[in-house]
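These are the residues of each chain, in order.
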Amino acid sequence: MAFKFTRHLFFLVILTTIYGCAQNHSELSSDTTQPISKDITTYYFIRHAEKDRSNPNNSDPSLTEQGLKRAEKWANTLKNVDFDAIYSSDYTRTKQTAQPLANQNNLEIQLYDAKNLNDEKFQKETTGKTVMVVGHSNTTPQFANALLGEEKYSEMDDSDNAGLYIVTIINGERSTQLLSID
């Protein structure tokens with residue numbers, strides 16, 4: 001298990017380093033006077049951390065102690081990623097999961113409407129940026145699929161709080177990674 005986490009963390013660090021280098025350098029065209037535009041947009045998607053299930057009638061529960069620790073762990077795992085924006089659905093558990101990352105990046109959490117995933121406004125606001133989106137077992141893979149333009153990911157298992165979906169768009173070309181950070 002530790003090897004799996006270390007391997008995924010190593011891959012995440014490499015991906016972040018490559019992204020940072022690409023973001024900070026522009027290529028020149030063959031005549032070396034005209035920069036070639038490199039639009040790089042990277043989306044990180046996670047599901048909220050472990051929620052309090054003690055009251056089945058509570059539609060907006062808080063995180064458990066374990067969930068609060070996981071939220072801090074996400075912030076620590078992603079500490080080398082400079083996010084431009086942090087999005088969350090308007091639920092206590094998703095906002096609590098996003099808060100440590102928002103604090104770490106000095107950002108306000110922006111709310112999104114799960115019924116309007118990947119709308120024109122969201123695309124315009126996030127193009128060329130590095131964005132974290134905190135959602136749910138159904139919205140997280142749906143959002144990744146919407147950005148990919150294909151049905152690659154199915155709904156997450158209700159016990160899965162460790163999935164990290166990364167969608168990168170470079171000049172219109174889309175790639176994706178799915179990691180498990182437990």
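The rules behind each value
- Residues numbered from 1 in each chain as written.
- Predicted model: local features only at pLDDT ≥ 70, side-chain atom pairs only at ≥ 80, totals over all residues.
- Heavy atoms only, no water.
- Buried < 20%, exposed > 50% of the residue type's maximum accessible area, 1.4 Å probe, protein only.
- Helix = DSSP H or I, 4+ residues; strand = E, 2+ residues; numbered from the N terminus.
- Pairing = 2+ DSSP bridges.
- Polar contact = N/O pair within 3.5 Å; in protein donor to acceptor, adjacent residues only side chain to side chain.
- Contact = heavy atoms within 4.5 Å.
- Phe/Tyr/Trp six-rings, centres within 6.5 Å; stacked < 30°, edge-to-face > 60°.
- Salt bridge = Lys/Arg side-chain N within 4 Å of Asp/Glu carboxyl O.

Asks: Even after reading the chapter, I still don't get the pairing of strand β6 (residues 130-135), so can you show me in this structure?
Replies: Strand residues, when the strand is regular, have side chains that alternate between the two faces of the sheet. The element β6 is extensively covered by neighbouring structure, given that 6 of its 6 residues are classed as buried. Taking every second residue as pointing to the same face, both faces of β6 are buried, with Thr-130, Met-132 and Val-134 on one and Val-131, Val-133 and Gly-135 on the other. As paired elements, strand β3 (residues 40-47) and β6 share 6 bridges and run parallel to each other. Bridging from a neighbouring strand, Arg-47 pairs with Gly-135 of β6. Two strands pair when backbone bridges link them, and strand β4 (residues 85-88) and β6 are joined in this way by 4 bridges, in the parallel orientation.

Asks: Would you mind going over the side chain of Asn-161 with me for this structure?
Replies: Residue placement: Asn-161 occurs in the loop between α5 (139-148) and β7 (163-170). Judged by its relative accessible area of 7%, Asn-161 falls in the buried class. Polar side-chain contacts of Asn-161 include one of 2.7 Å to the backbone oxygen of His-48. In this structure Asn-161 touches Arg-47, His-48, Ala-49, Glu-50, Arg-70 and Trp-74, once residues within four positions along its chain are discounted.

Asks: What is the right way to read α5 from this model?
Replies: The α-helix winds at 3.6 residues per turn, so residues separated by three or four positions along the chain end up facing the same way. Of all the 10 residues making up α5, 8 are buried; the element is thus mostly covered by neighbouring parts of the structure. Taken as a whole, α5 has its buried residues at Thr-139, Thr-140, Pro-141, Phe-143, Ala-144, Asn-145, Leu-147 and Leu-148.

Asks: Can you walk me through the packing of aromatic side chains in this structure?
Replies: Between two aromatic rings, the relevant description is the distance of the centres plus the angle of the planes. For the structure on display, the rule yields 8 aromatic pairs. Grouping aromatic residues by their ring pairs yields a cluster made of Tyr-43, Phe-45, Tyr-87, Tyr-112, Phe-122 and Phe-143.

Asks: What is the right way to read the pattern of salt bridges from this model?
Replies: Should their charged atoms come close, side chains of opposite charge can pair. Within the structure shown, the criterion is met by 6 salt bridges. Close ionic contact of Arg-70 with Glu-50 constitutes a salt bridge, the shortest N to O distance being 2.7 Å. A residue pair is termed long-range when its members are at least 10 positions apart, and Arg-70 in helix α2 (residues 65-77) and Glu-50 in the loop between β3 and α2 qualify at 20 residues. For Arg-70, a relative accessible area of 11% puts it in the buried group. Residue Glu-50 is classed as buried on the basis of its relative accessible area of 12%. Two residues, Arg-53 and Asp-158, come together in a salt bridge whose shortest N-O distance is 2.9 Å. With Arg-53 in the loop between β3 and α2 and Asp-158 in the loop between α5 and β7, this pair connects stretches of sequence that are 105 residues apart. The class of Arg-53 is partly exposed, set by a relative accessible area of 48%. Salt bridges sharing common partners tie together Arg-47, Arg-53 and Asp-158.

Asks: How should I be thinking about the pairing of β7 in this particular structure?
Replies: Across the 8 residues of β7, 7 count as buried, placing the element largely inside the fold. In this sheet, β7 lies alongside β3 in antiparallel orientation, the contact comprising 7 bridges. Among the inter-strand pairings, Thr-41 is bridged to a residue of β7, identified as Ile-169. Judged from the 8 bridges that link them, β7 and strand β8 (residues 173-180) form a sheet pairing that is antiparallel. For Ile-169, the partnering residue across the bridge sits in β8 and is Arg-174. In sequence, β7 turns back onto β8 through a hairpin of 2 residues, with Asn-171 there showing a positive phi of about 50 degrees.

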